[in-house]
Structure formats: structure tokens, C-alpha cells
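If you want the building blocks of each chain, they are given just below.
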Amino acid sequence: MAQEVRGVIAPGKDEPVRIETIVVPDPGPGEAVVSIRACGVCHTDLHYKQGGISEDFPFLLGHEASGIVESVGEGVTDVAPGDFVILNWRAVCGQCRACLRGRPWYCFDTHNAKQRMTLASTGQELSPALGIGAFADKTLVAAGQCTKVDPAVAPEVAGLLGCGVMAGIGAAINTGNVGRGDTVAVIGCGGVGDAAIAGARLAGAAKIIAVDIDPRKLETAKKLGATHLVNSRESDPVEAVREMTGGFGADVVIEAVGRPETYTQAFYARDLAGTVVLVGVPTPEMKLELPLLDVFGRGGALKSSWYGDCLPSRDFPMLIDLHLQGRLDLGAFVTETIALDGVEEAFERMHHGDVLRSVVTF
Ligand SMILES: NC(=O)c1ccc[n+]([C@@H]2O[C@H](COP(=O)([O-])OP(=O)(O)OC[C@H]3O[C@@H](n4cnc5c(N)ncnc54)[C@H](O)[C@@H]3O)[C@@H](O)[C@H]2O)c1
Ligand SMILES: [Zn+2]
Ligand SMILES: [Zn+2]
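Residues numbered from 1 in each chain as written. Chains lettered and ligands numbered in written order. Predicted model: local features only at pLDDT ≥ 70, side-chain atom pairs only at ≥ 80, totals over all residues. Heavy atoms only, no water.

1. Quick notes on the coordination of the zinc ion (ligand 2)
Applicable threshold: Because no water is among the atoms considered, metal sites can look incomplete, with donors defined as N, O and S atoms within 2.8 Å of the metal, or 3.2 Å for Na, K and Ca. Any site counts as irregular unless it has four donors with all angles between 85 and 135 degrees, making it tetrahedral, or four or six donors with opposite ones more than 155 degrees apart and the rest between 65 and 115, making it square planar or octahedral. Burial classes: relative accessible area under 20% of the type maximum marks a residue as buried, over 50% as exposed, and values in between as partly exposed (1.4 Å probe, protein chains only).
At the metal site, the zinc ion (ligand 2) is ligated by Cys 93 (SG), Cys 96 (SG), Cys 99 (SG) and Cys 107 (SG), and these contacts range over 2.3 to 2.4 Å. The site at the zinc ion (ligand 2) holds four donor atoms, and with the angles between them running 106 to 114 degrees, its shape is tetrahedral. Here Cys 99 falls in the buried class, since its relative accessible area comes to 13%.

Listed below in C-alpha cells is the structure:
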């Protein structure tokens, strides 16, 4: 039986979000209905609301979520009703070239559910953010988007692994392959950059240099494991990183802003043959200009990181275990928990840089 629940809708470009009654159908083959326990407010939700991702309004926002599987459709064997799960952006196919070559985070043949959720008032079909739509009491996803984790973890902490925190930690441990004793610099210390710092600490980095323009962000970065802080409004970050690394530059530099000037800083702040990991997402019109001789001469790797190059079934349970053992403080990313009707104000606080993460709890 289809159910009527509450959901946060972005009705049109730049219009305030509002709570509406939505209709969640029964799960079809390969699908699951998940009762949401917590969902973080991410920058990408704001981009959806502003029409920056697509114009497919109305959107059902929210995608950084944990919840309990309520029901599953035909053929679902990996998860069952009652399982505590973290939702991920895509159910990978396991058969395309990207999957077979061991890069499932580039699987574009996604098996996400055809979500079929609608507005109760008009019957209009909703576009759920990142194929999830979890600012809602319940949502319909592909069973492959659900990863079972230890239910001992707080739901508001677990959900964060579904997006920004995984993107940051994965940029360090998967894409950047940070190793014991490495020097690491992270440019941009919002939720994603701070997670990269936590990932670098986890990997045993010897020095972790946090770079930001906001002193409040540098303080939080320190709590998450930064050993050195650089305010790039006060000093040239490339010079500062070099100075802090014996004149060499960092082994791995992670860029988590998404602007040409910070991409350039990342390029020059690394040691010869070092690795630059690009996590910040630029806009289509941005360009990077570099002397080819520097690109050639400095060697090393320029990599972009997509969803932390993660494999949810491998990485989510591992990171939750580390958190439960006290070796990774995922709780530090939760600035506040809020109710479903607090999303619009949470966007405002995010815009002003006041929070790392606001999380809606149910
Ligand atoms: N690659 C992925 O899979 C992935 C996933 C999620 C988010 N992202 C992207 O990561 C980026 C960061 O996301 P977030 O949620 O942490 O955003 P955020 O707004 O919370 O953080 C951005 C940080 O950058 C700082 N900053 C801004 N300009 C700067 C500059 N010139 N020099 C140094 N620091 C500067 C800000 O003070 C802030 O602390 C965004 O571009 C986002 O779209 C990428
Ligand atoms: Zn695939
Ligand atoms: Zn997100």
C-alpha cells in the first residue's frame, strides 16, 4: 500500500523549501522503502534548491541519510526489514567497464530505483536529490543503495557517511592514498575538508596542514587532527605549506573548495612527484591555467576524487567500526540536530559558514 508521509520540497528555482505530503509507493523488484532516522543538510541540497544542478523541479531534498529498512521488493536479499542502513547515491551495476575494472564509483549504469514518489496534492512526480530524497519520513530507493552498518552508531552520525564525510575521508585514504609519515595539506576546511583531515590522521600522516580563510574553520580543523594551521587571507598558503614541510611542499594536497585559485595553490603546494587530490567541484565556466613546463616538470599526479572513490559496502561499515572503537570521531561533524521544518534556516547558517553539519533527525 502506498503511504503518505512528510517531505521537504524545493518547489522552484530559489524558492524557499516547504514541507508537503508526499506519496511513497510500495517497493518494486530490487527496491526498498526506508524509514529515515537522520539526514544531514549538505551544500548539494542548496545547489538543487537554487536550480544549479538541474531544473527538474520539484525536488525532494536530502541525501545524507541513515534509516531502517521498512519493506523490500521482490528479489532483494542483501537487506531485510529492520536493518539499519546508510543510503548511498548509486546502486552500482557490477557489470559495466567501470565496475569490472574496480572503479565502481564511476559506474554510470546505475540501478537506482525509479522512485515514482509524487506530491499528494497534485500527483506531480518528484525528483529526489541524488536519487535518494531523504528529508522525508520515508523514501523509496534501490536496495543496492542501502548499506547495512552496526546499529549501535547514532543515526545522525551514520548518515553523514552517505555524502560529504565519505567524500573527504575517501579523498585522503582512497584517492590520495595517504600513507604513514606523509605530509598532507588540506585547502578548504568545511565538512569535506575536515573529513579529509580526519582521513589523513587515520592513515597516519605525520603533518596535516589546514588552510582556510575563516579562523573558525581552522579551529574545527584542529579538533579533527590538523597539526598546523594557515589562514590564507593572512599569508600565502603555498609559501606557508613549503615552510612547514622543510621547503619541499606536501606529499599530498587535497583541494576542497572548488575554485581556480585554490586549484592552483594545491598544484604548487605539493612536493615534486606529490599528489594533488581535487575534491571541490568547480562551475562549468571556471578554467585552470598552468605553465606546461610546471605540469611536466613537477611530476606526480593530479587526481580528482568522486564520492571519495568509495565502495559503500567496504567503506561504510569499516568507518562506522572505527568510530565505535573511538578511533574516528564522526560525531565532531554534527554541529546541531534539527527538526524537518528547520531545513530553510539551516541553509542560511550553512551559507554563513556557521555550521559544519546540521542534521535533521526524525
Ligand atoms: N568530489 C566529491 O565527491 C564531492 C562531494 C561533496 C562535496 N564536494 C565539494 O567539496 C567542496 C567543499 O564542500 P563543503 O561541504 O565542505 O563546503 P563548505 O562550504 O562547508 O566548505 C568550504 C570551505 O572552503 C573555505 N574557503 C572558501 N574559499 C577559500 C579559499 N579561497 N581558500 C581557502 N579556503 C576557502 C570556506 O571558508 C569553507 O570552510 C564543494 O565544492 C563541494 O561541492 C565534492
Ligand atoms: Zn557499473
Ligand atoms: Zn551531499
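Now that the structure is up, let's keep going.
2. Comments concerning the pairing of strand E15 (residues 270–278)
As a reminder of what qualifies: Note on conventions: DSSP H or I runs of at least 4 residues are helices, E runs of at least 2 residues are strands, and numbering of each starts at the N terminus. Pairing between strands requires that DSSP locate at least two bridges from one strand to the other. Looking down the strands as they point away from the viewer, one classifies a crossover as right-handed if the path from the first strand across the helix to the second runs clockwise.
When you tally the buried positions in E15, you get seven out of nine residues, the bulk of the element. For strand E14 (residues 250–255) and E15, the ladder comprises five bridges, and the chain directions are parallel. When the bridges of E15 are listed, Val 252 appears paired with Thr 275. With helix H8 (residues 260–268) bridging E14 and the parallel E15, this β-α-β connection has right-handed handedness. Remark: the E15/helix H9 (residues 292–298)/strand E16 (residues 301–304) crossover connection has right-handed handedness.

3. Some details on the UniProt feature "domain: Enoyl reductase (ER)" (unreviewed entry) in the protein
For clarity, the threshold we go by: UniProt positions are given in the numbering used here, feature names are shortened, and annotations may be inferred rather than shown by experiment.
UniProt's feature table lists "domain: Enoyl reductase (ER)" (unreviewed entry) at residues 12–360, given in the numbering used throughout. Across residues 12–360 one finds 27% helix and 24% strand; the C-alpha atoms that close the span lie 22 Å apart.

4. Remarks on the coordination of the zinc ion (ligand 3)
Taken together, the protein donors to the zinc ion (ligand 3) comprise Cys 42 (SG), His 63 (NE2) and Cys 163 (SG), at separations of 2.0 to 2.3 Å. Written as a sequence motif, the donor residues of the zinc ion (ligand 3) are C-x20-H-x99-C. With Cys 42 in the loop between strand E3 (31–40) and helix H1 (43–49) and Cys 163 in the loop between helix H3 (155–158) and helix H4 (164–175), this pair connects stretches of sequence that are 121 residues apart. Considered together, Cys 42 and Cys 163 belong to a single accessibility category, that of buried residues.

5. Focus on the packing of H4 against helix H10 (residues 312–324)
Convention followed: Each axis is a line fitted through C-alpha atoms, and for a helix only the stretch in contact is used; angles between axes span 0 to 180 degrees, taken between their N-to-C directions. When an angle is under 35 degrees it counts as roughly parallel; over 145 it counts as roughly antiparallel; between 65 and 115 it counts as roughly perpendicular; any other value is oblique. Here a residue-residue contact requires only that any non-hydrogen atoms of the pair lie within 4.5 Å. Note that Gly is not counted as nonpolar here; it falls among the polar residues with everything else outside the nonpolar set of Ala, Val, Leu, Ile, Met, Phe, Trp, Tyr, Cys and Pro and the charged set of Asp, Glu, Lys and Arg.
Contact geometry of H4 with H10 gives a least axis separation of 12 Å together with a crossing angle of 100 degrees. On the basis of the axis angle, H4 is roughly perpendicular to H10. Residue-level contacts link Met 166, Ile 169, Ile 173 and Asn 174 of H4 to Arg 314, Asp 315, Phe 316, Met 318 and Leu 319 of H10. Taken together, the residues that form the contact of H4 with H10 break down as six nonpolar, one polar and two charged.

6. Observations regarding the packing of H4 against helix H5 (residues 191–202)
Any two packed helices are characterised by the angle at which their axes cross and by the distance between the axes. So the rule is basically this: Crossings are classed by handedness, with left-handed meaning an anticlockwise turn of the near helix from the far one by less than a right angle and right-handed meaning a clockwise turn.
Across the interface, H4 lies against H5 with an axial gap of 7 Å and an inter-helix angle of 45 degrees. It follows that H4 is oblique to H5 by the angle criterion. Where H4 crosses over H5, the two elements pack in a sense that is right-handed. Across the interface between the two elements, Gly 164, Val 165, Gly 168, Ile 169, Ala 172 and Ile 173 from H4 touch Val 192, Ala 195, Ala 196, Gly 199 and Ala 200 from H5.

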